[in-house]
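# Understanding the architecture of this molecule
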Amino acid sequence: MQTVTTLPNLRLAVDEIRKTGTIALVPTMGALHEGHLTLVREAAKLADHVAVSIFVNPRQFGEGEDLDAYPRQLAEDSAKLEAEGVVLLWAPDASAMYPQGYATNISVNGVSDGLCGADRPGHFDGVATVVCKLFNQVRPDIALFGEKDWQQLAVIRRMARDLDLVQPHADAIHGAAIVRDPDGLAMSSRNAYLSATHRAAAATLPRAMDEAIARIRDGQETAATLAMLEDELLGAGFSRVDYAELRDADSIAALDGDNGNARLFVAARIGQTRLIDNKPVSSA
């Protein structure tokens, strides 16, 4: 595996790799877990070569968020990627991604509204900006993202279509299913922040979501069902529920019932950790 940290070296490496086939890109912020590695394995099925980026993007962290504390373990991550057969690791620092005088920002309207877009102002501008830069730098045929960050995936798909950043085929921006621990909690780098007590209580989140989805499928009133979900999380030790909402899976528009394409989105805080999850509501 070749590791590059400067844009000129990245361009040379990509040009050489492209001579022998297609490239799938898996953008990450490092602290790799099984969810990331599942993306890498899926990428290997969809393209001839896999490239991974590791960059903790300061532009998607808001004031008071965990930028400084976010786990950084490049050597360990690199070993995991090499074991998976990744051919290229792009690991720039902030000055390489945002040189002095950098002044461009990308905003994606509509799908970025509400949910994490409301709770974390500017977050999706930072995501869209860095992913646009990564697409221009690596020029992948396919890019893979986890469905745990469903709203992020919707933002990236909208941006890629609007700016003609990828080839227009169904798998160009590929969403991979959420990888979960045995108790159902979605894997996340931030799970490492949880104490043993909070980690045990965190399993209430997916379980309470399943119960709420079952009630909605049975025709129970949505607002009351979501209020019950919030009460269950607070009773289990969560300190705050940022949102628990039903949204259309594609447009991310708010819903008051299952339209056949609904997903349940939840963000809640336990200890110092903010957990997010989403699940489809329709059984089909």
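Residues numbered from 1 in each chain as written. Predicted model: local features only at pLDDT ≥ 70, side-chain atom pairs only at ≥ 80, totals over all residues. Heavy atoms only, no water.

The strand order 7-8-9 describes an open sheet built from 3 strands, whose pairing is antiparallel. Pairing within the sheet leaves two strands with one partner each, and these edge strands are strand 7 (240-248) and strand 9 (273-280). The sheet shows a mean angle of 10° between the axes of neighbouring strands, taken without regard to direction. Inspection of the sheet shows strand 7 paired to strand 8 (residues 262-270) by 8 bridges, in the antiparallel sense. (Pairing = 2+ DSSP bridges. Helix = DSSP H or I, 4+ residues; strand = E, 2+ residues; numbered from the N terminus. Axes fitted to C-alpha atoms, helices over the stretch in contact; angles between N-to-C directions.)

Mapped onto the present numbering, the UniProt feature "active site" (unreviewed entry) falls at His36. Mapping His36 onto the fold places it in helix 2 (residues 34-46). Those residues in contact with His36 that sit more than four places away from it in its chain are Thr28, Gly30, Ala31 and Ser189. (UniProt positions renumbered as here; feature names shortened; annotations may be inferred. Contact = heavy atoms within 4.5 Å.)

The next point concerns the packing of aromatic side chains. Between two aromatic rings, the relevant description is the distance of the centres plus the angle of the planes. Inspection of the entire model under this criterion finds 4 aromatic pairs. Plain terms: the ring middles of Phe61 and Tyr70 are 5.9 Å apart, the flat faces sit at 80° to each other, and that makes the pair edge-to-face. Summarising the burial analysis for this pair, Phe61 and Tyr70 share the class buried. Residues Tyr98 and Tyr102 carry aromatic rings whose centres are separated by 5.1 Å and whose planes lie at 70° to one another, so their mutual orientation is edge-to-face. Here a set of aromatic residues connected by ring pairs shows up, and it is made of Phe55, Tyr98 and Tyr102. Above the plane of the ring of Tyr98 lies Arg59, whose end atom (NZ or CZ) is 4.6 Å from the centre. (Phe/Tyr/Trp six-rings, centres within 6.5 Å; stacked < 30°, edge-to-face > 60°. Buried < 20%, exposed > 50% of the residue type's maximum accessible area, 1.4 Å probe, protein only. Lys NZ or Arg CZ within 6 Å of the ring centre and 35° of its normal.)

Once that is clear, we can look at the pairing of strand 2 (residues 23-28). With 6 of 6 residues buried, strand 2 is to be regarded as a mostly interior element. Residue alternation in strand 2 divides its side chains into two sets, Ile23, Leu25 and Pro27 and Ala24, Val26 and Thr28, and both sets are buried. In terms of strand pairing, strand 2 meets strand 3 (residues 49-54) through 6 bridges, oriented parallel. Across the sheet, Thr28 pairs through a bridge with Ile54, a residue of strand 3. Crossover connection from strand 2 via helix 2 to parallel strand 3: handedness right-handed. Taken together, the 2 bridges between strand 2 and strand 5 (residues 142-146) define a ladder with parallel strand orientation. Paired with Ala24 across the bridge in strand 5 is Ile142. (Right-handed = clockwise from strand over helix to strand, strands pointing away.)

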